[in-house]
Amino acid sequence: MSDMRQYFKAQMELIVSTPELHARWLNSLSLMENTGARKISRFEDPVHTNIIVLKHAAEEARHAYYLKKQIAKLHIECPDYSFEYLLAPIQSYQYLRKLDAAACRYLKDERGYKGRQMYYGAYLLVTYAIEVRADELYGAYQQALTAAHNRVNVKSIIAEEEGHLEEMTRMLEGFHPEWQQMATAVREIESALFKQWLGAIKKDIDTVVTDKVTAAYN
Ligand SMILES: [Fe+2]
Ligand SMILES: [Fe+2]
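Please read all numbers here as calculations on a predicted model, not as lab measurements.

About the thresholds
Residues numbered from 1 in each chain as written. Chains lettered and ligands numbered in written order. Predicted model: local features only at pLDDT ≥ 70, side-chain atom pairs only at ≥ 80, totals over all residues. Helix = DSSP H or I, 4+ residues; strand = E, 2+ residues; numbered from the N terminus. Rg over C-alpha atoms; globule rule 2.2 N^0.38 Å. Buried ≥ 20, exposed ≤ 12 C-beta atoms within 10 Å, placed from the backbone. Core = buried A, V, L, I, M, F, W, Y, C linked by C-beta atoms within 7 Å. Contact = placed C-beta atoms within 7 Å.

Student: Could you clarify how one ought to interpret the overall build of the chain in this entry?
Tutor: Broken down by element type, the chain carries 7 helices and 0 strands. Ordering the α and β elements of the chain from the N terminus gives α-α-α-α-α-α-α. What you see for the chain is a C-alpha radius of gyration of 18 Å, in line with the 17 Å of a compact globule of 218 residues. When the backbone C-alpha atoms are referred to their principal axes, the chain occupies close to 60 × 30 × 30 Å. By the burial criterion, 32% of the 218 residues in the chain qualify as buried.

What follows is the structure in structure tokens.
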């Protein structure tokens, strides 16, 4: 197992075993899914919208709602997406927006795209990069949930994200013959943003754990 995976696994276990962290974790994921759903809806053309895009928007919105509903199983209140109810709030809010802006810049500067085609390409590449990440993230998270016999589960999300990845791959094949090089470039950008996000999550976890230890000794 790579260092990154090992590290990730340890973080997941800690989150799953600490309800106040777990609730905020779920809420952050819900926020990010909701940001994705809203982004897809904004991208939709009023006329030329096909069933794949509709399905994708509906499923991302469902993920946001489903994750939010899971929080109730922990008996902790996270009524909205205020900073206090999130882990890594700033990074969770900015991740998708930054990734999308960077993908647009890449398509414009390196590939000469502009206008609607640039936004379309960014939609495909960003979604692709996110789905690859989602696969890894939700996979590791579900493993930790299963190992801990936690009542929360994200299996239905994993199944739908796999479908999205297949759809994006198919659409990218139609977008450009060199789509794989493009996807590699955008995945590198995504990797850097994900590391920042994970670093911020870790910082918040450390704060909560330290506070708990301090409280226990007082
Ligand atoms: Fe999703
Ligand atoms: Fe998705």
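Student: Got a minute to help me understand the nonpolar core in this structure?
Tutor: Note that soluble globular proteins tend to have their nonpolar side chains buried in a common cluster. A103, L125, V126, A129 and V186 are the most contacted members of the largest nonpolar core, which totals 47 residues. Elements supplying a minimum of two residues to this core: helix 1 (3–17), helix 2 (19–43), helix 3 (51–71), helix 4 (89–109), helix 5 (115–147), helix 6 (155–175) and helix 7 (179–217). Here this core takes 13 residues from helix 5, the largest share from any one element. When sequence neighbours within four positions are dropped, the list of residues in contact with V186 reads A103, Y106, L125, V126 and A129.

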